[in-house]
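# Analysis of the macromolecular model
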Amino acid sequence: MTSTALRSRAWKLLEMVTTPLLPSDYLDLVSPLRAGADLRGRIEAVHPETGDAATIVIRPGRGWRGHTAGQYVRIGVDVDGRRLWRAYSLTSPTNRQDGRLTITVKAIPDGKVSNHLVRSAKPGTLIQLDQATGDFVLPEAKPAKVLYLTAGSGITPVMGMLRDVEFDDAVMVHCAPQPQDVIFRNELHDMVADKKLRLTEVHTDTDGMLDMARLDELVPDWAERETWACGPAGLLDAAERLWSEHGVQERLHTERFRPGIVVAGDGGEVTFSATGKTVDADGATPLLDVGEEAGVLMPSGCRMGICFGCVTPLKAGAVRDLRTGEITEAEPGVLIQTCVSAAAGPCDIER
Amino acid sequence: MTAIDPTAHLTAEQIEELGRELDAIRDEVIASRGEKDAAYIRKVISAQRKLELVSRGVLLFSFFPPAWLIGTAGLSVAKIMDNMEIGHNILHGQWDWMRDPKIHSTTWEWDHVSPSEQWKHSHNELHHTYTNVIGKDNDLGYGIMRVDEDQRWHPFHLGQPLWNFINACFFEYGIAAYDLELGRNLSKRRRKNPEFRARAKAVGRKIRKQVLKDYVIHPLLSGPSFLTTLAATFTANLVRNIWSHSVIMCGHFPEGVQVFERRSIKGETRGQWYLRQMMGSANISGSRAMHFMTGNLSHQIEHHLFPDLPSNRYAEVAVKVRALFEKYELEYVTGPLPKQVFSAWRKVFRLSLPNKKPKVKTPNRDQELVAA
Ligand code: FES
């Protein structure tokens, strides 16, 4: 018998020993970061960067496959007992000696996860991880001249690049309200002192928003540079317009952070994505009734919110709990009770 | 269905007001669910797993009598924790709000021969929706017992103390059988129904796994302690079954608890539904350890009002619920475990015989009367 076959036999036996649980349920108690476990990480330190930004040092589980500079990672954090998932750019170099990875998070107003990470995350906490992903990355062949155009926390993926590869000719234009809001400011200035980077800071509180027309004066050869831009939508839209006006759009790489703003309304268009049906619903009819009315096979039981026999994934949009008025927004893994939830704006139900 | 309706003094408006007050209690807990609650269930799960591991470890040496005793006691407690405070409550969706796929009503499987999926249907859906409605709620007498004077007596009922005792010993199998609605489904035609066959197969699979684990694999792993480990597991299952059967009997069987007719729930309002849960359930009083070991089903009344609130919050909810019972002059049936178990068993014995004629209503002397 081959060793893999032997292994799988042994594993089957172990499953018989632990049924109805799995061996991993017990192993997780002692070694949650082991190879083969669901991918997790442990927060090891939280370093403040500015008044509202901090770098989180994470020891990833053994299953972590590494990343490419510029990529992001989705993490699942328990905030007030509830697991929430968000994506953050990786700011650590890909060859960090101790194998740790870092993300740098800026607390946004009312941001549940970002405020939690910046202000109250404790070293030792376990978090859930996905593998790194994203195509806002450097090409294999180093371009001769590079421009980074960033604003606010848009600097984070770029920092991952700057720490990873050294360029012969790199320029950065970075916007932030005031000097003390510039994340990684000391490190950037060290790079400038070492002649690894030319940097222009635009302080929007005093200078106003960056006017793209100024780019000619700040970086006269911008059109010849391979450019990576990351920041709010306004900045990126303006950049895309300018680059395509000059016919050099293939030199511009952008990364948009989607804050995922869902406007919760009253009723809306409901899509049953598994069945491919779309119907209009008001804000008072339970989605269970809406689905049944449309001829979608909906699981149900008590029809009054107590049996949990109707739970169904909410893929997109938002729903309102008809009992409490509470709004639930779609996130991976979010399930709703269709018998006591109504559409709060357009939504997508996996049925 | 009792001779005197204990809710007759309430007007329709009062019942709706009562419903609104209960909704407010519920909303308060929902708004305050958080980190502490999540930490609680995680801690309980991890403690249960460790206790089970250690107990099974000790049983490897169960040829040595003190090890047998310790291991068996530990395993019994671990199994009770798995079924009561953890399994029952997770399967009610009490912890779904955490959005942890590992502690979720849609993914949890428990140490019990009835598959979670089927149990959720018969328990969450049928029992909790139709609480104490004769003919709709299978938990009422589990289809084999007469639990109310108004149910027709049949000579079969003479044996019901014995049926109840056997059911207590093999409770998990009893549950699996009635989750399958075996009584109804044994006719030839029904047996062939593909949906029934699929469910019966699932139960068969689960039983096989459970039996294999408890009575073959673990004893084999114990080597020289084969027989003593086998005996230990059998004992732990017996203890768990009798314990959960007793706790559950206390929830709806003691004297003073009302049962309802099918037609009484037609067009039921939210307030009326709440009222039925209040009158159809009974609590067990006792220490915190007692509440924990019953999976907080000692707060059966609160659990039936709010089946999806986290179990660790029932104790604080109970204070407010009890105040409402007083305000609306209703009887809050509660008492210590031995008294409630005795009360339930006495009813089982009494109703095994036909009604005495003429029917006299005995006052509920032994119940704790909260109503003024
Ligand atoms: S059908 Fe029972 S909770 Fe929705």
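Going by the structure above, here's the rest.
Below or above, wherever it landed, is the structure these notes cover. Computed from a predicted structure; not experimentally measured.

## Describing the overall build of chain B
When its secondary structure is counted, chain B shows 15 helices and zero strands. Scaling as 2.2 N^0.38, a compact globule of 372 residues should have a C-alpha radius of gyration of about 21 Å, and chain B matches this with 21 Å. Along the first, second and third principal axes, the C-alpha atoms of chain B reach 65 × 55 × 45 Å. The 372 residues of chain B split such that 55% are buried. Partitioning the intrachain contacts of chain B with sequence separation of at least 6 by distance along the chain shows that 73% fall at a separation of at least 24. Total accessible area on chain B stands at roughly 16,600 Å², and carbon and sulfur atoms take up 65% of it. Taking the average place of the 50 positive charges on the side chains of chain B and the average place of its 40 negative ones, the gap between the two points comes to 8 Å.

## Some thoughts on the sheet that holds strand β4 (residues 82-89) of chain A
The strands making up a sheet associate through hydrogen bonds between their backbones, and the pairing can be parallel or antiparallel. Residue and element names in this part refer to chain A. Within the open sheet, the six strands sit side by side as β4-β3-β6-β1-β2-β5. Their pairing is antiparallel. Because the sheet does not close on itself, it has two edges, and the strands there are β4 and β5 (101-106). Between one strand and the next, the sheet's axes are offset by a mean angle of 40 degrees, whatever the strand orientation. As defined by bridge partners, strand β2 (residues 53-60) adjoins β5 across six bridges and the pair is classed as antiparallel. Residue pairing in the sheet places Ile56 in a bridge with Ile103 of β5.

## Some words on helix α4 (residues 155-162) of chain A
Of all eight residues that make up α4(A), eight are buried, and the element is covered over most of its length. Within α4(A), the full set of buried residues consists of A:Ile155, A:Thr156, A:Pro157, A:Val158, A:Met159, A:Gly160, A:Met161 and A:Leu162.

## Here's the deal with the packing of aromatic side chains
Under the defined criterion, the tally for this structure stands at nine aromatic pairs over all chains. Measuring from centroid to centroid gives 4.6 Å for A:Trp222 and A:Trp243, while their planes differ by 55 degrees, and the two rings are tilted. Here A:Trp222 is found in the loop between α7 (215-218) and β10 (226-230), whereas its partner A:Trp243 is found in helix α8 (residues 233-245), with 21 residues between them in sequence. Where B:Tyr274 meets B:Phe306, the ring centres are 6.0 Å apart and the plane angle is 70 degrees; that geometry is what we call edge-to-face. Highlighted residues: B:Tyr274 in helix α11 (residues 270-279) and B:Phe306 in the loop between α13 (300-305) and α14 (314-327), separated in sequence by 32 residues. Both residues of the pair, B:Tyr274 and B:Phe306, count as buried. One aromatic cluster is present, built from ring pairs that chain together B:Trp273, B:Tyr274 and B:Phe306. Here the basic side chain of A:Arg163 rests over the ring of A:Phe184, its NZ or CZ set 4.8 Å away from the ring centre. B:Lys136 extends its terminal NZ or CZ atom over the ring of B:Tyr130, reaching a point 4.2 Å from the ring centre.

## Section: the interface of chain A and chain B
Each partner contributes to the interface: chain A provides 34 residues, whereas chain B provides 43 residues. At the junction of chain A and chain B, the tally comes to five salt bridges. Linking A:Asp38 and B:Lys102 is a salt bridge whose minimum nitrogen-to-oxygen distance equals 2.9 Å. The greatest single-element share of the side of chain A that touches chain B, amounting to four residues, is contributed by helix α2 (residues 23-30) of chain A. The class makeup of the residues in the side of chain A that touches chain B is 16 nonpolar, seven polar and eleven charged.

## Focus on a nonpolar patch on the surface
A grouping of A:Leu13, A:Met16, B:Leu212, B:Val216, B:Leu220, B:Phe226 and B:Leu227 is seen on the molecular surface, where their side chains present a nonpolar patch of about 600 Å² in accessible area. Note on placement: B:Val216 falls in helix α9 (residues 194-221). Classification of B:Val216 as partly exposed rests on a relative accessible area of 33%.

## Focus on helix α1 (residues 12-32) of chain B
Between its first and last C-alpha, α1(B) extends 31 Å over 21 residues, near the 30 Å set by a 1.5 Å rise per residue. When we look at burial in α1(B), the residues that qualify are B:Ile15, B:Leu18, B:Gly19, B:Glu21, B:Leu22, B:Ile25, B:Arg26, B:Val29 and B:Ile30.

Cut-offs used in this document
- Residues numbered from 1 in each chain as written.
- Chains lettered and ligands numbered in written order.
- Predicted model: local features only at pLDDT ≥ 70, side-chain atom pairs only at ≥ 80, totals over all residues.
- Heavy atoms only, no water.
- Helix = DSSP H or I, 4+ residues; strand = E, 2+ residues; numbered from the N terminus.
- Rg over C-alpha atoms; globule rule 2.2 N^0.38 Å.
- Buried < 20%, exposed > 50% of the residue type's maximum accessible area, 1.4 Å probe, protein only.
- Contact = heavy atoms within 4.5 Å.
- Areas by Shrake-Rupley, 256 points an atom, 1.4 Å probe, with all protein chains shown as cover.
- Lys, Arg positive; Asp, Glu negative; His and termini not counted.
- Charge placed at Lys NZ, Arg CZ, Asp CG, Glu CD.
- Pairing = 2+ DSSP bridges.
- Axes fitted to C-alpha atoms, helices over the stretch in contact; angles between N-to-C directions.
- Phe/Tyr/Trp six-rings, centres within 6.5 Å; stacked < 30°, edge-to-face > 60°.
- Lys NZ or Arg CZ within 6 Å of the ring centre and 35° of its normal.
- Salt bridge = Lys/Arg side-chain N within 4 Å of Asp/Glu carboxyl O.
- Nonpolar A, V, L, I, M, F, W, Y, C, P; charged D, E, K, R; others polar.
- Patch = residues over 30% accessible without salt bridge, like charges linked within 9 Å, V, L, I, M, F, W, Y side chains within 5 Å.
- Expected span 1.5 Å × (residues − 1).

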